[in-house]
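So the chains spell out like this:
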Amino acid sequence: MKKIKVTIWNEFRHESQESDAGAYIRSFYPDGMHAVIAKNIAADNLDIRCATLNQPEQGLPEALLQDTEVLLWWGHAAHKEVKDTLVDRIQKRVQAGMGLIVLHSGHFSKIFKRMMGSSCSLRWRDVGEKERLWCVDPSHPIAQGVPETFMLPYSEMYGEPFAIPDDGKVVYMSWYEGGNVFRSGVCFQRELGKIFYFAPGHETYPIYHDENVCKIISNAVYWAAPAKIFPERETHEKVPTEKITSVKPEPKL
Ligand code: ZN
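Conventions used here
Residues numbered from 1 in each chain as written. Predicted model: local features only at pLDDT ≥ 70, side-chain atom pairs only at ≥ 80, totals over all residues. Heavy atoms only, no water. Buried < 20%, exposed > 50% of the residue type's maximum accessible area, 1.4 Å probe, protein only. Helix = DSSP H or I, 4+ residues; strand = E, 2+ residues; numbered from the N terminus. Pairing = 2+ DSSP bridges. Donors = N, O, S within 2.8 Å, 3.2 Å for Na, K, Ca; no water. Expected span 1.5 Å × (residues − 1). Polar contact = N/O pair within 3.5 Å; in protein donor to acceptor, adjacent residues only side chain to side chain. Salt bridge = Lys/Arg side-chain N within 4 Å of Asp/Glu carboxyl O.

Draft legend 1. A look at the pairing of strand β9 (residues 193-198). In terms of burial, β9 is largely enclosed, as 5 of its 6 residues are buried. Pairing analysis gives 4 bridges linking strand β4 (residues 99-103) to β9, with the strands arranged parallel. Looking at the pairing, L103 lines up with F198 of β9. Pairing of strand β8 (residues 181-190) with β9 involves 6 bridges; the strand directions are antiparallel. Paired with C187 across the strands is F196, a residue of β9.

Structure follows, in structure tokens:
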């Protein structure tokens, strides 16, 4: 069985901090959010690796990136530390076909902003309010096996206007207790690569323990996985497919 090669990249700073806040986050993410996501989406046909910012080459040496078919990205406090050269390499890999799943505060990551070409700004508020998600496309592969609507008892509010391009296909909308709404699950295609942005996942709530959230992320991995990746694409067709009988006019000097 061919396995999909998945890499979960996590900044892993909030969970590592030496403070009461860090200890609280570690109470439900003792080994980091990436470890819980990896455990909750595990399947026989997925080969899941985890990577974190503090590792050599910021967790994504070229060999690992070239061996990744779907990349998950969680970042927040250290977006600026991610090297532009790494962002260039990830962008190239997405353009060649790698799937990219951007989670929660990854909306402000360099790679998501690069792929969107917009600021990706949004409205936010963190008071631990209820979030209700609604599926707006029940036929979409990412929505399969997930109830039409479900609730997260405590969440950080992400609200419209969300500065993403209009070519996004919305699969989930969220409503928050305070009255805001948000496009919380949106699909894009950039060249050969599929991208899914999914909003739930604030680090101070155990959101990646929620089975519906994890089912959506798991579905997104299968949806974003490419049939094939095309790292080198020939752009100059020296030999035409059909015989050309036209004669190029000579420039008149
Ligand atoms: Zn957050």
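Draft legend 2. Expanded view of the coordination of the zinc ion. Within the protein, the zinc ion binds to H104 (NE2), E156 (OE) and H202 (ND1); these donor distances fall in the range 2.0 to 2.1 Å. The motif formed by the donor residues of the zinc ion, counted along the single chain, is H-x51-E-x45-H. Here H202 lies in the loop between β9 and α6 (211-224) and H104 lies in the loop between β4 and α5 (110-116), a separation of 98 residues in the sequence. H202 carries the same exposure label as H104, and that label is buried.

Draft legend 3. Structural detail: α6. Under the 1.5 Å per step criterion, the end-to-end length of α6 is 20 Å for 14 residues, consistent within 8% with the ideal 20 Å. Among the residues of α6, those classed as buried are N212, V213, C214, I216, I217, S218, N219, A220, V221, W223 and A224. Sitting at the amino-terminal end of α6 is D210, which places a side-chain oxygen 2.9 Å from the backbone nitrogen of N212.

Draft legend 4. Broad picture of unusual backbone geometry. Going from E160 to P161, the amide bond is cis rather than trans, its omega being 5°. Here P161 is to be found in the loop between β6 (149-159) and β7 (169-176). Residues other than glycine seldom take positive phi values, yet C120 does so here, at roughly 60°. Relative to the assigned elements, C120 resides in the loop between α5 and β5 (123-135). Of the residues examined, C120 reaches a relative accessible area of 0% and is grouped as buried.

Draft legend 5. Highlighting the pattern of salt bridges. What the rule picks out here adds up to 12 salt bridges. Salt-bridge contacts for D137 lead to K169; the nearest nitrogen and oxygen are separated by 3.3 Å. Within this pair, whereas D137 is found in the loop between β5 and β6, its partner K169 is found in strand β7, the two being separated by 32 residues in sequence. Residue K169 is classed as partly exposed on the basis of its relative accessible area of 39%. Notably, a salt bridge pairs E191 with R233, separated by 2.9 Å at the nearest N-O pair. Highlighted residues: E191 in the loop between β8 and β9 and R233 in the segment after α6, separated in sequence by 42 residues. What makes R233 partly exposed here is its relative accessible area of 41%. Several salt bridges converge on common partners, so that one network encompasses K5, R49 and D67.

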